[in-house]
Amino acid sequence: MKFYFGRNHHNLNISLDETISSRLERKVIPSIAETPSVEEKFSSIFFSIMSIKFMIFASLMVIGVFSDPEPSNYKAPPAYGSQPKYPEIPNCAKNTTKSWCLEDSEYPQHEVQQALDQHYQAVVAFYKDKLANTENSVDGLAKLNDEVYLCPSSTDYVRPFRAINVDGKWRTIVNGVESYGIKYTQTARIEECDVVVGTTCPLVPSCYESKCVQKNIFHRFLVYNPQDYTFPFAIEKFKLPGSCGCVVGAFHL
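Residues numbered from 1 in each chain as written. Predicted model: local features only at pLDDT ≥ 70, side-chain atom pairs only at ≥ 80, totals over all residues. Heavy atoms only, no water.

A word on the layout of surface pockets
Empty space left among the atoms is revealed by rolling a probe the size of a water molecule over them.
Thought 1: Here the second largest pocket is characterised by a volume of approximately 160 Å³.
Thought 2: If you trace the second largest pocket, you find it lined by Cys92, Asn95, Thr96, Lys98, Trp100, Cys101, Leu102 and Glu103.
Thought 3: Here the lining of the second largest pocket is built from residues that sort into four nonpolar, two polar and two charged. (1 Å grid on protein atoms, 1.4 Å probe; cavity = no way out; pocket = protein on both sides within 12 Å on 5 of 7 lines; lining within 4 Å. Points joined across faces, edges and corners; volume = space filled by probe spheres on them. Nonpolar A, V, L, I, M, F, W, Y, C, P; charged D, E, K, R; others polar.)

Examining the environment of cysteine 151
Thought 1: Mapped onto the fold, cysteine 151 is located in the loop between helix H4 (120-133) and strand E2 (153-158).
Thought 2: On a C-alpha basis, the gap between cysteine 151 and proline 202 in space is 6.5 Å, while along the polypeptide they are 51 residues apart.
Thought 3: When near neighbours in sequence (up to four residues on either side) are disregarded, cysteine 151 contacts Cys201, Pro202, Cys212, Cys244, Gly245 and Cys246. (Helix = DSSP H or I, 4+ residues; strand = E, 2+ residues; numbered from the N terminus. Contact = heavy atoms within 4.5 Å.)

A look at the sheet that holds strand E3 (residues 162-164)
Thought 1: Strand order in this open sheet of five strands is E1-E3-E4-E8-E9, and the pairing throughout is antiparallel. Only two strands of the sheet have a single neighbouring strand rather than two, namely strand E1 (100-101) and strand E9 (233-251).
Thought 2: Relative to E3, E1 is paired through two bridges, and the arrangement is antiparallel. Counterpart to tryptophan 100 in the pairing with E3 is alanine 163. (Pairing = 2+ DSSP bridges.)

Considerations on the packing of aromatic side chains
Thought 1: For the coordinates displayed, the defined rule picks out six aromatic pairs.
Thought 2: Taken together, the aromatic side chains of Tyr224, Phe231 and Phe233 make up a single cluster linked through ring pairs. (Phe/Tyr/Trp six-rings, centres within 6.5 Å; stacked < 30°, edge-to-face > 60°.)

So, the state of the cysteines
Thought 1: In the structure shown here, the tally under the stated rule is four disulfides.
Thought 2: Sulfur-sulfur distance for the disulfide between cysteine 92 and cysteine 101 comes to 2.2 Å. Around the S-S axis, the bridge from cysteine 92 to cysteine 101 shows a dihedral of about 90° and counts as right-handed. The residues cysteine 92 and cysteine 101 share a single accessibility class, namely buried. (Disulfide = S-S within 2.5 Å. Buried < 20%, exposed > 50% of the residue type's maximum accessible area, 1.4 Å probe, protein only.)

Quick word on the nonpolar core
Most often, soluble globular proteins keep nonpolar side chains buried together rather than apart.
Thought 1: Among the nonpolar cores identified, the biggest contains 14 residues, and Val112, Leu116, Val123, Val174, Tyr184, Leu222 and Phe233 are the most heavily contacted of them.
Thought 2: Elements supplying a minimum of two residues to this core: helix H3 (109-118), H4 and strand E8 (208-224).
Thought 3: Setting aside residues no more than four positions away along its own chain, valine 174 makes contact with Tyr107, Val112, Leu116, Tyr184, Gln186, Leu222, Val223, Tyr224 and Phe233.
Thought 4: The next biggest cluster of nonpolar side chains, apart from the first, holds 10 residues, and it includes Val158, Ala163, Ala188 and Phe221. (Core = buried A, V, L, I, M, F, W, Y, C linked by side-chain atoms within 4.5 Å.)

Some remarks on the confidence of the model for the protein chain
Thought 1: For the protein chain, per-residue confidence averages 75 on the pLDDT scale, and 58% of positions sit at 70 or higher.
Thought 2: The spread of mean pLDDT over the elements of the protein chain runs between helix H1 (residues 7-34), the lowest at 47, and E3, the highest at 97.
Thought 3: Segment residues 26-33: pLDDT under 50, and four contacts once partners within four positions in sequence are set aside and those in other chains are kept.
Thought 4: Segment residues 64-82 is flagged for pLDDT under 50; beyond a separation of four residues in sequence, or across chains, it makes 13 contacts in the model. (pLDDT = per-residue confidence, 0-100.)

Considering the pattern of salt bridges
Opposite charge on two side chains permits pairing when their charged atoms draw close.
Thought 1: Under the counting rule described, the total for this entry stands at four salt bridges.
Thought 2: Close ionic contact of glutamate 192 with lysine 98 constitutes a salt bridge, the shortest N to O distance being 3.0 Å. Of this pair, glutamate 192 sits in strand E7 (residues 188-193) while lysine 98 sits in the loop between helix H2 (38-66) and E1; the two residues are 94 residues apart in sequence, bridging distant segments of the chain.
Thought 3: Residue class for glutamate 192 comes out partly exposed when judged on its relative accessible area of 24%. (Salt bridge = Lys/Arg side-chain N within 4 Å of Asp/Glu carboxyl O.)

Structural notes on the side chain of asparagine 165
Thought 1: Summarising the element assignment, asparagine 165 is placed in the loop between E3 and strand E4 (170-173).
Thought 2: For asparagine 165, a relative accessible area of 6% translates into the label buried.
Thought 3: A polar contact is formed between the side chain of asparagine 165 and the backbone nitrogen of aspartate 167, at a distance of 3.0 Å.
Thought 4: Within the structure, the side chain of asparagine 165 is placed 2.9 Å from the side chain of glutamate 236, a separation counted as a polar contact. (Polar contact = N/O pair within 3.5 Å; in protein donor to acceptor, adjacent residues only side chain to side chain.)

Now the structure itself:
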């Protein structure tokens, strides 16, 4: 093959340059032009994220419109499992004329223990405060001392399971239940007249007017309230017989 270099040599160089340039324009330059810039990529990602957020927000709005978060007949679920419905007056009250029960076959032992376990620290603080601030607390005593009064009476130390508070409502008293090694016991000293209230004091001379009266004392007990799902414990006051007194009146012959 022979190449001629002369007047056509310049033309050959021009044709080769044009051929190379045309191929670069068809292949290289279009590919660079079609590649998106960094700003375009960022803009595309940003609009995609905003679209997803808008779809999620719209879905939540639809759910909120068509759902009722608190229906009128909604009742809060019990915190300690299924709770039985307790009557206002316990069955143990049918077997006594007193305002407390020392025996109760329906005492919610398991439910009280579950609640004590769940609220251990708060209940312990309540219990210690009750023991420290209750006057005439007799927790820990195991025997009675002989006591003589102007009117005959009977003294006892009791641990009630249920009792009527100062508002006239029966309450479940935390007694005889153990939780995390602590046995919760609440004892009260009671004294009841052995004679009919209003009769003459037998140890007072007949030249004085006198009568026997029943005196009461207020005790504070830690109670369990199954209707309070947030914290089913409270300290409430109870009126119990505290002493049998004798009221002495004027002297007469």
